[in-house]
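Coordinate inspection notes
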Amino acid sequence: MTERTFVMIKPDGVHRGLVGEVISRLESRGLKLVAAKVVQLDTPTAEDHYGEHADKPFFEGLVEFITSGPVVPMVWEGEDAVRQVRQMIGETDPLDASPGTVRGDFALDIGRNVVHASAHDDPGANDREINIFFDASELTSYDRLDESWLYE
Ligand code: IDP
Ligand code: MG
């Protein structure tokens with residue numbers, strides 16, 4: 001099933017020069033980049049985005065961190081894109097993330113895990129997060145040249 005998923009490179013990923021690396025991995029896999037920008041979040045937007053974690057002990061630190069520098073929110077499209085991306089990003093705690101995943105290759109600490117992706121077990125998360133960061137007019141629609149070689 002073709003779907004769109006929300007992905008965001010966090011401030012640690014931007015500061016560590018990992019933007020190209022993350023984009024390159026998703027792009028090479030065959031996923032289609034539909035939207036992207038560089039922004040610094042304000043606190044209300046960050047609290048909205050991470051609202052599901054509002055009652056967690058790490059919430060305040062998470063909001064502080066995610067607003068501390070630029071982030072790169074993106075929308076990627078492809079077959080089973082939500083699960084494909086989650087798998088490529090790896091487990092939340094880099095200690096549990098397999099080598100070959102973004103977190104397993106580039107992170108050590110759960111609070112500095114480089115990238116966010118919408119949850120696959122929360123069907124509403126994608127659209128909700130895409131809508132927080134992008135207007136409908138910012139979402140593009142096009143065919144990749146290699147699509148006939150990516151899909152049977
Ligand atoms: P996810 O990013 O893999 O979806 P979530 O459970 O949704 O993980 O948590 C959102 C973010 O909150 C994580 O990516 C991580 O940066 C941070 N976080 C989650 N659990 C902890 C924790 O126990 N301590 C510190 N930060 C945490
Ligand atoms: Mg999550």
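Each value, and the rule that gives it
- Per-chain numbering applies: the sequence of each chain, read as written, is numbered from 1 onward.
- Here chains are named by letter from A upward and ligands by number from 1 upward, in the order in which they appear as written.
- Where totals are concerned, whole chains, interfaces and linings use all residues; where local detail is concerned, this predicted model gives features only for residues with pLDDT of at least 70, and gives and counts side-chain atom pairs only at 80 or more.
- Side-chain measures here rest on the full set of heavy atoms in the structure, leaving out hydrogens and waters.
- In DSSP terms, a helix is any run of H or I states spanning at least four residues, a strand is any run of E spanning at least two, and both are numbered starting from the N terminus.
- Put simply, the radius of gyration uses C-alpha atoms, and a globule should come to 2.2 Å times the residue count raised to 0.38.
- Only protein chains enter the area calculation, which uses a 1.4 Å probe; residues under 20% of their type maximum are buried, those over 50% are exposed, and those in between are partly exposed.
- Two residues qualify as a contact provided that any one of their heavy atoms is within 4.5 Å of a heavy atom in the partner residue.
- Only the protein chains shown count as cover for residues, and the accessible areas themselves come from Shrake-Rupley with a 1.4 Å probe.
- The charge count includes Lys and Arg as positive and Asp and Glu as negative, but it does not include His or the ends of the chains.
- A charged residue contributes its charge at one atom only: NZ of Lys, CZ of Arg, CG of Asp or CD of Glu.
- Per residue, pLDDT measures the predictor's confidence, with a range of 0 to 100.
- Near residues are defined by distance, with any heavy atom within 4 Å of the molecule or strand qualifying the residue.
- What qualifies as a polar contact is a pair of N or O atoms within 3.5 Å, subject to a donor-acceptor requirement within protein and to the restriction that residues adjacent in sequence count only when both atoms come from side chains.
- The classification used treats Ala, Val, Leu, Ile, Met, Phe, Trp, Tyr, Cys and Pro as nonpolar, Asp, Glu, Lys and Arg as charged, and all other residues, Gly among them, as polar.
- Residue types Ala, Val, Leu, Ile, Met, Phe, Trp, Tyr and Cys, when buried and joined through side-chain atoms within 4.5 Å, form a set referred to as a nonpolar core.

Some points on the overall build of the protein chain
When helices and strands are counted, the protein chain shows 8 helices and 4 strands. In the protein chain, the order of α-helices and β-strands from amino to carboxyl end is β-α-α-β-α-α-β-α-α-β-α-α. Over its C-alpha atoms the protein chain spans a radius of gyration of 15 Å, differing by no more than 12% from the 15 Å that the globule rule assigns to 152 residues. Its C-alpha atoms put the protein chain at 45 × 35 × 30 Å along the principal axes. Counting all 152 residues of the protein chain, 42% fall into the buried class. Intrachain contacts of the protein chain at a sequence separation of at least 6 include 78% that bridge at least 24 residues. For the protein chain, the computed accessible surface area is about 8,300 Å², with 50% contributed by carbon and sulfur atoms. The distance from the centre of the 14 positive side-chain charges to the centre of the 29 negative ones in the protein chain is 3 Å.

A few points about the confidence of the model for the protein chain
On average, residues of the protein chain carry a pLDDT of 97, and 100% of them reach 70 or more. Across the protein chain, element-level confidence peaks in helix H1 (residues 11–15) with a mean pLDDT of 99 and bottoms out in helix H7 (residues 125–133) with 95.

Description of the site of ligand 1
Taken together, the residues surrounding ligand 1 are Lys10, Tyr50, His53, Phe58, Leu62, Arg86, Thr92, Arg103, Ile110 and Asn113. Arg86 is positioned such that a nitrogen or oxygen atom in its side chain is 2.8 Å from an oxygen atom of ligand 1. Note that an oxygen atom of ligand 1 is positioned 3.0 Å from one of the side-chain N or O atoms of Arg103. Taken by itself ligand 1 offers 520 Å² of open surface, and the protein chains cover 76% of this. Tallied by class, residues from the shell around ligand 1 come to 4 nonpolar, 3 polar and 3 charged.

Some words on the nonpolar core
In terms of nonpolar packing, the biggest core is built from 19 residues, with Val7 and Leu26 touching the most fellow members. Of all the secondary structure elements, the ones that give two or more residues to this core are strand E1 (2–9), helix H2 (19–29), strand E3 (72–79), helix H5 (81–89) and strand E4 (115–117). Per element, the largest residue contribution to this core is 4 residues, and it comes from H5. The next biggest cluster of nonpolar side chains, apart from the first, holds 17 residues, and it includes Leu41, Tyr50, Val63 and Ile66.

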